[in-house]
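Listed below are the residues making up each chain.
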Amino acid sequence: MTNSSSDGPAIELSGLTKVFGSTPAVDNLSLKIDRGSTFGLLGPNGAGKSTTIKMLMGMLSITAGEARVLGVDVAQNATIVKDSVGYVPETHHIYRWMRVGDVIGFCRALYTTWNDQTCHEMVDLFRLDLSKKVKHLSKGTLVKLALLLAVSHDPQVLVLDEPISGLDPVAREEFLDGVLRTICQRGQTVLISSHTLDDVQRLADTVGILYDGRLLMHGRLDEILSTTKRIRATLVDGRRPTSLPAGTIHDRVQGREWLVTVSGFQAEKLEHVRALEGVAHVEVADIGLEDLFKDIVKAQRATT
Amino acid sequence: MKWLIWKDYRVNRLIFITTLVLLVAPHALVAISIWRGAGGPTSPADAFMASSVYALGLLQLAFALLGGNSIAGERIDRSAEFLAYLPVSRGRILTSKLLVALAAVPLVWLPNLVIFAVIYAARPAGPTPPVEYILCVLGSIAITGLTFFCVAWLFSCMLRSPTFSVCAGLITPFLVVTGICWVVYLLKLPNPGSPLIVLWWYGGLCLVISAASFLSGALYYLRRVEP
Amino acid sequence: MKISPSSHVPIYLQIAAEIRSAVAAEVYRPGEALPSLRNMAIELQVNPNTVQRAYDELVRDGLIYAQRGKGLFVSDQGTTSAQNGALEVVRMLFEEGVRAGRAAGVSADQLREIFSASMNKPANKGATSHDQ
């Protein structure tokens, strides 16, 4: 029943689907996240990131497909999954009437692998006041408390759902600090969903781009960025060529400037563009994650 | 488990305080009026017996409140979404809530039964209501309280509104009584003679409804994935 | 030290470049230890694996070496190697400038003019990358 192998992927989603009413919020999503890696799940608002995360945390019923965390099927054994995953949600609903110390005591009693030392370290790091009631905490402090609860039980997997949204720069830095400390110390697998690309680029080694519930692209970040290029050319008479190089994600014409974002870049693709009629001054440039993300989303929007 | 019980107690603390108030208030009122000599023809013994029964009736409200607040109470402030990612099984969650609700039973019944029994046993000579009569009254109150709780519990397991769940619980015994009356009227049943038969029917139906509501509520909650 | 995640240069190369220029400026001297992987990752706010890659790159270049259990140290040729590396960077920048000029249709004479003019400009004191 519990099929946890120690060298399988940390998170495995197979054909995961969630339908609300008649619209699929997550559509046949299949993804493997290796142990020890940091995976950035990117996507615009409403892409299905939170829905996916809630399903793999056993907090939302799955319409079709399977989600396995550390080899355990979430639909069969949600409690085991929750015990080995540290989760920081997007919105926090910790009992507002509890004091910080009470919340910690409450969680400590429920997790089987709670580490008091880690907890004390985090309380000191975040300078949390144990006697303060949750309803009196600022947003930044609340998020830090949530992170403390997530890491204090030495989880093997850390899942962060848009953790940085709404934080001021100082709180953001403190939060990232806390996350990095725990990654450095324990080498956990981290899944972070965000639409702030900056943080994902810092932390993630693998990324996946979600749009309308579907995974449009995923792989190692450095590979994606090194094999995806932007070809810039001048269109002599301003007419967009009809033949595009293979692997074109998106192209845009602005006046006489033509920008083509191409994945899996090779010299032949450059030659293909150079050989086109009405095209001159062809150059290749690197593309940043933000521009790539925008192009992927634009391309999707154009087809729907 | 201790922490869960503590949490559930704290979530329902206001209800327990209300229970204490409803427990004390009727007796206090009687005590005050006797002390001020406003008793009238009723003896203090009778007055306290009456206040015990009255308190018991009033206190069944607490069970409706406890039932209605059990699951829906944590949905409405979304704290259920926090509990949802903690590694605690639905079974343990339910058990904790049940234990806290069960704690209300002795709180409601014991003091009043004790007052009632003491007065009844030490009662000076005079007309005494028969034991069966008293048992019927107390039994009906108990069964009504059980129905309040179980129906409110069912709605609380399924819905997000504790208020609606409480109301659903409160309304059910009245619906049962109304239903019985309508059935008797429509089927033109002969007058039963003693109210005991109606009471048996009332008790039986309420018991069935309570059991069914409680079980389906619990099963539904155990199966459900969403908080 | 700062890195810019949105830059097109991969983060690990940025880190390596920052460390190289720190060594060239003798912020870290030969024989001195570099900050641990963990501390560097936390300070720069990047994934420790990225820092590891940067360190691996620098070890490969001979700028630093690993001492088992003790960490990473600047090698003796470290400073010169870094300074050579800095020279490489400057060379690359010049070549880039020339290439851009040619692409824009600037003549060789104009390029030489630009070069002399910038050589004659007073040196910009204090504007190093360590002033962050």
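What you are looking at is a predicted structure, and each value in this text was computed from that prediction instead of being measured.

**Let's talk about the packing of aromatic side chains**
Enumeration according to the criterion identifies 16 aromatic pairs over all chains in this entry. Between the aromatic rings of Y95 of chain A and F106 of chain A, the centroid separation amounts to 5.9 Å while the plane-to-plane angle is 90°, which identifies the pairing as edge-to-face. Of the two residues, Y95 of chain A is situated in the loop between β6 (85-88) and α3 (100-110) and F106 of chain A in helix α3; the sequence distance between them amounts to 11 residues. Of the aromatic side chains, those joined through ring pairs into one cluster are Y87, Y95, W97 and F106 of chain A together with W3, W6, F82 and Y85 of chain B. Over the aromatic face of Y221 of chain B sits the side chain of R90 of chain B, whose NZ or CZ is 4.5 Å from the ring centroid. Its guanidinium or amino end placed over the ring of Y12 of chain C, R53 of chain C lies 4.1 Å from that ring's centre, counting from NZ or CZ.

**Notes on the arrangement of the chains**
Between chains A and B lies the most contact-rich interface of the 2 pairs of chains that touch. The closest approach of any C-alpha atom in chain B to one in chain C is 26 Å; the two make no contact.

**So, the sheet that holds strand β12 (residues 248-254) of chain A**
Residues and elements named next belong to chain A. Strand order in the open sheet formed by 4 strands is β12-β13-β11-β14, and the pairing between neighbours is antiparallel. Every other strand in the sheet has two partners, leaving β12 and β14 (279-286) as the edge strands with one partner each. Strand-to-strand twist in this sheet, taken as the mean axis angle between neighbours without regard to direction, amounts to 20°. Relative to β14, strand β11 (residues 229-235) runs antiparallel, the two being bridged by 6 bridges. Each residue of the ladder has a partner; that of T234, found in β14, is A280.

**Overview of the interface of chain A and chain C**
If you look at the interface, chain A gives 21 residues, while chain C gives 15 residues. Together, the buried faces of chain A and chain C total about 1700 Å²; carbon and sulfur atoms form 48% of this surface. Linking chain A with chain C are 1 salt bridge, by the criterion used here. Taken together, the links from chain A to chain C amount to 10 residue pairs in polar contact (both at pLDDT 80 or more). Of all elements in the fold, only α6 (169-186) and α7 (197-203) of chain A reach the threshold of two or more residues within the side of chain A that touches chain C. With 8 residues, α6 of chain A is the largest single contributor of residues to the side of chain A that touches chain C.

**A few points about unusual backbone geometry**
Although it is not a glycine, R127 of chain A adopts a positive phi angle of roughly 50°. Its place among the elements puts R127 of chain A in the loop between α4 (116-126) and α5 (139-151). The class of R127 of chain A is exposed, set by a relative accessible area of 60%. With phi around 60°, E26 of chain C is a residue other than glycine that occupies positive phi space. Tracing the backbone through its elements, the reader meets E26 of chain C in the loop between α1 (11-24) and α2 (37-44).

**What about the interface of chain B and chain A?**
With 23 residues of chain B at the interface, the matching set in chain A holds 26 residues. Summed over both partners, the interface of chain B with chain A comes to about 2300 Å²; 71% of that surface belongs to carbon and sulfur atoms. On the surface where chain B and chain A come into contact, there are 1 salt bridge. Across the pair E226 of chain B and K18 of chain A runs a salt bridge, and its minimum N-O distance is 4.0 Å. At the boundary of chain B and chain A, one finds 5 residue pairs in polar contact (both at pLDDT 80 or more). Secondary-structure elements contributing two or more residues to the side of chain B that touches chain A are α1 (2-11) and α5 (79-83) of chain B. In terms of residues, the side of chain B that touches chain A owes the most to one element, α1 of chain B, which gives 6 residues. Grouping the amino acids of the side of chain B that touches chain A by side-chain chemistry returns 13 nonpolar, 2 polar and 8 charged.

**So, the pattern of salt bridges**
Evaluation of the coordinates by the stated rule reveals 28 salt bridges over all chains. Between R186 of chain A and D154 of chain A there is a salt bridge whose closest N-O contact spans 3.2 Å. Taken together, the residues span a long stretch of sequence, with R186 of chain A in helix α6 and D154 of chain A in the loop between α5 and β7 (157-161) at a distance of 32 residues. Overall, the relative accessible area of 27% leaves D154 of chain A in the partly exposed class. Between R112 of chain C and D109 of chain C there is a salt bridge, with its nearest N and O atoms 3.2 Å apart. Pair noted here: R112 of chain C and D109 of chain C are both in helix α5 (residues 108-120), with a separation of 3 residues, about one helical turn. The exposure class of R112 of chain C is exposed, given its relative accessible area of 54%. Linked through salt bridges whose partners overlap, the residues forming this network are K7, D8, E74 and K97 of chain B.

**Quick notes on the nonpolar core**
One recurring pattern in soluble globular proteins is that nonpolar side chains are buried together. One finds L149 of chain A together with F82 and L86 of chain B to be the most contacted residues of the largest nonpolar core, which totals 108 residues. Setting aside residues up to four positions removed in sequence, L86 of chain B forms contacts with K82, F106, C107, L110 and Y111 of chain A.

What counts and what doesn't
Along each chain, the written sequence defines residue order, and numbers are assigned to residues from 1. Each chain takes a letter, starting from A, and each ligand takes a number, starting from 1, following the order in which they are written. Whole-chain, interface and lining totals are the exception, using all residues; otherwise, since this is a predicted model, local features are given only for residues with pLDDT of at least 70 and side-chain atom pairs are given and counted only at 80 or more. Heavy atoms from the whole structure form the basis of all side-chain values; hydrogens and water molecules are not counted. Stacked, edge-to-face and tilted labels apply to pairs of Phe, Tyr and Trp rings (six-membered ring for Trp) whose centres lie within 6.5 Å, assigned for plane angles under 30 degrees, over 60, and everything in between, in that order. Put simply, DSSP H or I for four residues or longer makes a helix, DSSP E for two residues or longer makes a strand, and each gets a number counted from the N terminus. Only Lys NZ and Arg CZ are tested; either one counts as a charge over a ring when it is within 6 Å of the ring centre and within 35 degrees of the ring normal. The contact definition used throughout considers only heavy atoms, calling two residues in contact when any of these lie within 4.5 Å. A pair of strands is treated as paired once DSSP finds two or more bridges between them. Only the stretch in contact is used when a helix axis is fitted, and all axes are lines through C-alpha atoms; the angle between N-to-C directions ranges over 0 to 180 degrees. When two components associate, each loses some accessible surface as probed by a 1.4 Å sphere; the sum of these losses over both components is called the buried area. Put simply, a salt bridge is a Lys or Arg side-chain nitrogen that is within 4 Å of an Asp or Glu carboxyl oxygen. Polar contacts, as counted here, are pairs of nitrogen or oxygen atoms within 3.5 Å of one another; within protein the pair requires one atom able to donate a hydrogen and one able to accept it, and residues that are adjacent in sequence qualify only if both atoms are side-chain atoms. Per-residue accessibility, obtained with a 1.4 Å probe over protein chains only, is compared with the maximum for each type, and a residue is labelled buried under 20%, exposed over 50%, and partly exposed between these values. Only Asp, Glu, Lys and Arg are considered charged, only Ala, Val, Leu, Ile, Met, Phe, Trp, Tyr, Cys and Pro nonpolar, and every remaining residue, Gly among them, polar. Buried Ala, Val, Leu, Ile, Met, Phe, Trp, Tyr and Cys residues that are joined via side-chain atoms within 4.5 Å together make up what is termed a nonpolar core.

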